[in-house]
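Spelled out from the first residue to the last, the chains are:
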Amino acid sequence: MQSFDYAQGGVKECEKKKNKNSKKYRRIDWSFYPTLDEIYNWLDLIIRKWPNIVTGFNIGYSYEGRLIRGVRLSFKPEKKAIFIESNIHAREWITSAACTYLIFELLFSRDCEVRRMANRLDWWIVPVLNVDGFVYSHEKERLWRKSRRPISDGCTGVDLNRNFEYLWDRIKHDPCSDQYGGTHPLSEPEVEQLTKFIDSNIPEGSIKVYIALHSAGQAVLLPWTHTRELPVNYDRLMYVAKAFADAAFSRFCTKYRYGTSANILKCTEYCGTSKDWAYAVKAIPIAFTIELPGGGRKSPFELPKGAILRVCLEFLDGLVGMIDAIKTLEII
């Protein structure tokens, strides 16, 4: 694994008091789950240190007024793009941890395969999309899933991964359900602003890979979520998904399932998901939900801290295999 010397040097800057109200943040080393403030502080550090490669961007504001931030990593100009959104479900903390680890490795890895992967694409990464729910899960209710906008009947929150504008009207509308999709498609500011950002700031047709990062299903999920019918280019999608699963298996023998969401999860009632929107509406050729592994005595979403780095390494391995497979298909 790559040395963390850069972070040792950066800790002084992270913890330096700029004024009397400055906070002290833990150095992100993938031995714990960072808070939103710690993730944003870490992003600020790498943006300042490597401005020629890392560019920060803001998608907009959440219902509670928190900024939704991301970073773009570009090592060479005019590359095709990959877009990764993470922590759309608040309780899935391992996803934002994996995103920060990916950013770190894209910047600092000396592994030739990782360097080749980094150079092949422009990387647009949003570590935490559901910022309100994420903060709430850290401070109040660990297993909270939805956003935090108040709904009628004393219910709170919308499942942001049921709010995208694709087949939204098939969703069951129970406001108190963990899978409540909102009053209408794009009703939630987090989802509306994400789709507007992609439409307005990334050249049409340049995104070739879209990844919705989740846990804890330990699977690579293809479209579709609303039907067990197979998508167009199913064989191509399966080839790429298998490449991820095979590469992720190589280090710790972790087995990822792969197939369409409806067939792997045995469900047909879920609509309005980001991955299906990316594939159907944006015509992005490779659109996956990647479900990272879970574990824990109380729920699969409470992956022990000691397993964070293992999952991050497997995710990186899987991406290397996946991007190599996409390259052979001449998509990138």
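The structure we're discussing is the one just above.
Figured I'd write up the structure that's included with this text. Here the structure is a predicted model, which is why all the values come from computation and not from measurement.

1. Regarding the packing of helix α3 (residues 93–108) against helix α4 (residues 112–120)
Then, in step 1: The interhelical angle for the contact between α3 and α4, taken along N-to-C directions, is 100 degrees, at an axis separation of 8 Å. In terms of orientation, α3 lies roughly perpendicular with respect to α4. In this structure, α3 contributes Leu102, Glu105, Leu106, Leu107 and Phe108 to the contact, and α4 contributes Val114, Arg115, Met117 and Ala118.

2. Some thoughts on the pattern of salt bridges
Then, in step 1: In the structure shown here, the tally under the stated rule is 17 salt bridges.
Then, in step 2: Among the salt bridges present, the one from Glu64 reaches Arg66, with a minimum N-O distance of 2.6 Å.
Then, in step 3: The class for Glu64 is partly exposed, based on a relative accessible area of 42%.
Then, in step 4: Look at Arg66 and you get partly exposed, because its relative accessible area is 27%.
Then, in step 5: Across the pair Arg66 and Asp132 runs a salt bridge, and its minimum N-O distance is 2.9 Å. Of this pair, Arg66 sits in the loop between β1 (54–61) and β2 (67–73) while Asp132 sits in helix α5 (residues 131–139); the two residues are 66 residues apart in sequence, bridging distant segments of the chain.
Then, in step 6: Linked by salt bridges that have partners in common, Glu64, Arg66 and Asp132 make up one network.

3. Some details on the pairing of strand β4 (residues 122–126)
Then, in step 1: The buried fraction of β4 amounts to five of the five residues, a majority that puts the element mostly inside the structure.
Then, in step 2: Here β2 runs beside β4; their pairing, made up of three bridges, is antiparallel. What sits directly across from Leu73, in β4, is Trp123.
Then, in step 3: In this structure, strand β3 (residues 81–86) lies alongside β4, joined through five bridges in parallel fashion. Paired with Glu85 across the bridge in β4 is Val126.

4. Things to note about the nonpolar core
Then, in step 1: Ranked by size, the top nonpolar core spans 95 residues in total, and within it Leu102, Trp123, Tyr210, Phe288 and Met322 carry the most contacts.
Then, in step 2: Considering every element that reaches this core, the biggest residue donor is α3, with 12 residues.
Then, in step 3: Beyond its immediate chain neighbours, meaning those up to four positions away, Leu102 contacts Ile84, Met117, Trp123, Ile125, Phe315, Leu316 and Leu319.

5. A few points about the packing of α4 against helix α10 (residues 308–328)
Then, in step 1: Put simply, α4 and α10 touch, their axes get as near as 10 Å, and they point 60 degrees apart. Judged by the inter-axis angle, α4 sits oblique to α10. For the element pair α4 and α10, the recorded crossing hand is left-handed. Where α4 approaches α10, its residues Glu113, Val114, Met117 and Arg120 are matched on the opposing element by Leu316, Leu319, Val320, Ile323, Asp324 and Lys327.
Then, in step 2: Looking at the contact of α4 with α10 residue by residue, the classes come out as six nonpolar, no polar and four charged.

The rules we used
- Residues numbered from 1 in each chain as written.
- Predicted model: local features only at pLDDT ≥ 70, side-chain atom pairs only at ≥ 80, totals over all residues.
- Heavy atoms only, no water.
- Axes fitted to C-alpha atoms, helices over the stretch in contact; angles between N-to-C directions.
- Helix = DSSP H or I, 4+ residues; strand = E, 2+ residues; numbered from the N terminus.
- Parallel < 35°, antiparallel > 145°, perpendicular 65-115°, else oblique.
- Contact = heavy atoms within 4.5 Å.
- Salt bridge = Lys/Arg side-chain N within 4 Å of Asp/Glu carboxyl O.
- Buried < 20%, exposed > 50% of the residue type's maximum accessible area, 1.4 Å probe, protein only.
- Pairing = 2+ DSSP bridges.
- Core = buried A, V, L, I, M, F, W, Y, C linked by side-chain atoms within 4.5 Å.
- Left-handed = near helix turned anticlockwise from the far one by under 90°.
- Nonpolar A, V, L, I, M, F, W, Y, C, P; charged D, E, K, R; others polar.

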